[in-house]
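Here is what each chain is made of, one letter per residue.
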Amino acid sequence: MLKSDFAYDLPAELIAQRPLAERDRARLLRLCQDGVTHRTVSDWPSLLNPDDLVVVNNTKVVPARLRGLKDSGGAVELLLERIERDRIALCQARASKPLKAGRTVSVGGERLEVLARAGEFHRLRFPSPVTDFLQRHGSTPLPPYIDRAAEAEDEARYQTLFASAPGAVAAPTAGLHFSERLLRAVRERVAGIVEVTLHVGAGTFAPLRGDDLESHQMHAERYEISVAAAQRIRAASAGPGRVVAVGTTVVRALETAAAEPGGLRAGCGETRLFIKPGFRFRAVDALLTNFHLPESTLLMLVCAFVGQRRTLDAYCAAVAARYRFFSYGDAMFTERFADA
């Protein structure tokens, strides 16, 4: 398959630039065997079954965008990719000239040391724990397709209600639809809600460089699944209900943990799992997800889950119905299709 097989036309005005006033009032496209129906996210609990187990991502977005000056005087913008150790992190860097090892960057009067180039990223040493430094000097890292600077509202709205484990540089956006009202309705409807962690990296927005899917290597993302969560997910898989993933990040975490013989395992580590058509799903039965960029790996994941043609037809229907797209946009809910 080629990257161009996953293209679709999206008018720029359908890219959501701001969140809705109420989280659960987004529109919801329901994809099923008979085609699509149009609802709202507040209707979603009625589409769940009493034996279902809902799995959410509890990662918390950190203020991962930094602006500073190189020791040569040039401006530089840094975006955290992931924290490697207490004071060491990989970052993307935007500057007129590449950063060089041994040089420094000043942010808010404090100096970061450039240790080395690491592929498309730079490894930096921070003067204090990375998370503390970001709290002092960082700003909310809105996605590149949101054409405005981060505002005070984004500090709260670009986090899910479940956000408790700091480490992400992008929100698990399907979870942004959960209000306290929706959460109560879901809890009353299903067997339970469990949390896992996958820290979304800046690489989630990186486009495929070539057209051949087989040559693409996914960015690494940290994940963790507790023993208790793994036990509940295995029990749900063995029972009459469905394992319902809230977002593609949950899908990647669960399918990584279920890849080895013996079923889904607790643990933590890094995943580079690239889910594309032909992938054999072992853990997830249904998916709530936002709409993803054309030719993106996340769109390919959805195509693997329900079928390429079916997915692209649903996206065309969403465009025709003027749905709002991407992080602050509307949502889609679907079960996994056996013929995908």
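Check the entry above for the structure.
For every chain, the first residue of the written sequence is number 1, and numbering continues from 1 along that sequence. With pLDDT at 70 or above as the cut-off, local features in this predicted model cover only qualifying residues; side-chain atom pairs require 80 or more to be listed or tallied, and sums for whole chains, interfaces and linings still use all residues. Processing note: side-chain calculations cover all non-hydrogen atoms of the structure and skip hydrogens and water entirely.

Some points on the overall build of the chain
And then number 1: Elements are defined by DSSP. Helices are runs of H or I of four residues or more, strands are runs of E of two residues or more, and each kind is numbered from the N terminus. From N to C terminus, the chain includes 7 helices and 17 strands.
And then number 2: Over its C-alpha atoms the chain spans a radius of gyration of 20 Å, differing by no more than 12% from the 20 Å that the globule rule assigns to 340 residues.
And then number 3: For the chain, the spread of C-alpha atoms along the three principal axes comes to 60 × 45 × 40 Å.
And then number 4: A buried classification covers 53% of the 340 residues belonging to the chain.
And then number 5: Two residues form a contact once any of their heavy atoms are found within 4.5 Å. Within the chain, counting contacts between residues at least 6 apart in sequence, those at least 24 apart form 74% of the total.
And then number 6: Here the Shrake-Rupley method, with its probe set to 1.4 Å, supplies the accessible areas, and only the displayed protein chains count as covering residues. Total accessible area computed for the chain in this model is approximately 14800 Å², and 47% of it derives from carbon and sulfur atoms.
And then number 7: Positive and negative side-chain charges of the chain, numbering 45 and 40 respectively, have mean locations separated by a distance of 4 Å. Only C-alpha atoms enter the radius of gyration; for comparison, a globular chain is expected to reach 2.2 Å times N to the power 0.38, where N is the number of residues. Classification of residues uses two cut-offs on accessible area relative to the type maximum, computed with a 1.4 Å probe and protein chains only: under 20% is buried, over 50% is exposed, and between them is partly exposed. Under this rule, positive means Lys or Arg and negative means Asp or Glu; His and the chain ends count for nothing. The atoms used to mark charge sites are NZ of Lys, CZ of Arg, CG of Asp and CD of Glu.

A look at the sheet that holds strand S14 (residues 243-246)
And then number 1: In short, DSSP must find at least two bridges between two strands for them to pair. With respect to topology, 9 strands assemble into an open sheet ordered S2-S1-S17-S16-S14-S3-S12-S13-S15, the strand pairing being mixed. The strands lining the two open edges of the sheet, one partner per strand, are strand S2 (35-40) and strand S15 (267-271). In this sheet, neighbouring strand axes are inclined to one another by 25° on average, regardless of whether the strands run parallel or antiparallel.
And then number 2: Relative to strand S13 (residues 221-225), strand S12 (residues 192-198) runs antiparallel, the two being bridged by 2 bridges. Counted as the bridge partner of Thr 197 is Glu 224 from S13.
And then number 3: Note on geometry: axes are C-alpha line fits, over the in-contact stretch for helices, and angles between N-to-C directions span 0 to 180 degrees. Along the sheet, helix H7 (residues 308-320) contacts strand S1 (27-32), S2, strand S16 (286-290) and strand S17 (331-335); its crossing angle with S1, the most-contacted strand, is approximately 150°.

Topic: the nonpolar core
And then number 1: In terms of nonpolar packing, the biggest core is built from 67 residues, with Ile 225, Ile 233, Leu 254, Leu 264 and Phe 325 touching the most fellow members.
And then number 2: Looking at this core, the element that brings in the most residues is helix H6 (residues 297-306), giving 8 residues.
And then number 3: Those residues in contact with Leu 254 that sit more than four places away from it in its chain are Val 55, Val 196, Ile 225, Ile 233, Val 243, Leu 264, Ala 283 and Val 284.
And then number 4: Leu 48, Val 54, Ile 193 and Ala 331 belong to the second largest nonpolar core, which has 22 residues in total. As used here, the term nonpolar core means buried Ala, Val, Leu, Ile, Met, Phe, Trp, Tyr and Cys residues forming a set that is joined through side-chain atoms within 4.5 Å.

Some remarks on helix H4 (residues 227-238)
And then number 1: Here H4 spans 17 Å end to end across 12 residues, near enough to the 16 Å set by a 1.5 Å rise per residue.
And then number 2: Within the span of H4, buried status applies to Ala 229, Ala 230, Ile 233 and Ala 236. Buried residues of H4 fall within an arc of 130° about the axis and therefore sit on the same side. Opposite the buried face of H4, at more than 90 degrees from it, the exposed residues are Val 227, Ala 235 and Ala 238.
And then number 3: The elements touched by buried residues of H4 are strand S3 (53-57), S12, S13, S14 and helix H5 (248-257). Here the expected span of a helix is defined as 1.5 Å times the quantity of residues minus one. Directions from the helix axis toward the C-beta atoms define the arc.

So, unusual backbone geometry
And then number 1: You will see that Arg 322, though not glycine, has its phi angle at about 65°, which is positive.
And then number 2: Along the polypeptide, Arg 322 turns up in the loop between H7 and S17.
And then number 3: Residue Arg 322 is classed as partly exposed on the basis of its relative accessible area, which comes to 44%.
And then number 4: The residue Phe 326 is not glycine, and still its phi comes out positive at about 75°.
And then number 5: Along the chain, Phe 326 falls in the loop between H7 and S17.

Notes on the side chain of Asn 57
And then number 1: Inspection of the secondary structure assignment puts Asn 57 in strand S3.
And then number 2: Looking at Asn 57, its side chain comes within polar contact range of the main-chain nitrogen of Thr 59, at 3.1 Å.
And then number 3: Polar contact criterion, stated in full: a pair of N or O atoms within 3.5 Å, where within protein one must be able to donate a hydrogen and the other to accept it, and residues adjacent in sequence count only if both atoms are side-chain atoms. Polar side-chain contacts of Asn 57 include one of 2.9 Å to the backbone oxygen of Leu 198.
And then number 4: Not counting the four nearest positions on each side in its chain, Asn 57 is found in contact with Thr 160, Phe 162, Pro 172, Val 196, Thr 197, Leu 198, Thr 249 and Val 250.

Remarks on the sheet that holds strand S8 (residues 104-107)
And then number 1: A barrel is described by the order of its strands in space; here 6 strands give the closed sequence S5-S6-S7-S10-S9-S8, paired in antiparallel fashion. Adjacent strand axes in the sheet meet at a mean angle of 45° when their direction is disregarded.
And then number 2: Of the pairings in the sheet, the one linking strand S5 (residues 65-70) to strand S6 (residues 75-85) comprises 5 bridges and is antiparallel in character. Residue pairing for S6: Arg 65 is matched across the bridge by Leu 79.
And then number 3: Helix H1 (residues 130-137) contacts S5, S6, strand S7 (88-95), S8 and strand S9 (110-118) of the sheet and is inclined by roughly 150° relative to S6.

Here's the deal with the packing of aromatic side chains
And then number 1: Stacked, edge-to-face and tilted are the three classes for Phe, Tyr and Trp ring pairs, Trp counted by its six-membered ring, which pair at centre distances within 6.5 Å; planes under 30 degrees apart are stacked, over 60 edge-to-face, the rest tilted. Scanning the entire structure with this criterion turns up 15 aromatic pairs.
And then number 2: With a centroid separation of 6.0 Å and 75° between ring planes, the pair formed by Tyr 158 and Tyr 328 is classed as edge-to-face. Note that Tyr 158 is positioned in the loop between helix H2 (152-157) and strand S11 (165-168) and Tyr 328 in the loop between H7 and S17, a separation of 170 residues in sequence.
And then number 3: According to the relative accessible area criterion, Tyr 328 is buried, its value standing at 5%.
And then number 4: Seen in terms of ring centroids, Phe 291 and Phe 325 are 4.9 Å apart; in terms of plane orientation they differ by 35°. Their pairing is tilted. Of this pair, Phe 291 sits in the loop between S16 and H6 while Phe 325 is found in the loop between H7 and S17, placing the two residues 34 residues apart along the sequence.
And then number 5: Phe 325 gets classed as buried once you look at its relative accessible area, which sits at 0%.
And then number 6: An aromatic cluster is built from Tyr 8, Tyr 145, Phe 291, Tyr 315, Tyr 323, Phe 325 and Phe 326, whose rings are joined through pairwise contacts.
And then number 7: Look at NZ for Lys and CZ for Arg. If either is within 6 Å of the ring centre and within 35 degrees of the ring normal, a charge sits over the ring. Directly above the ring of Tyr 323 sits Arg 27, whose terminal nitrogen or CZ lies 4.1 Å from the centroid.

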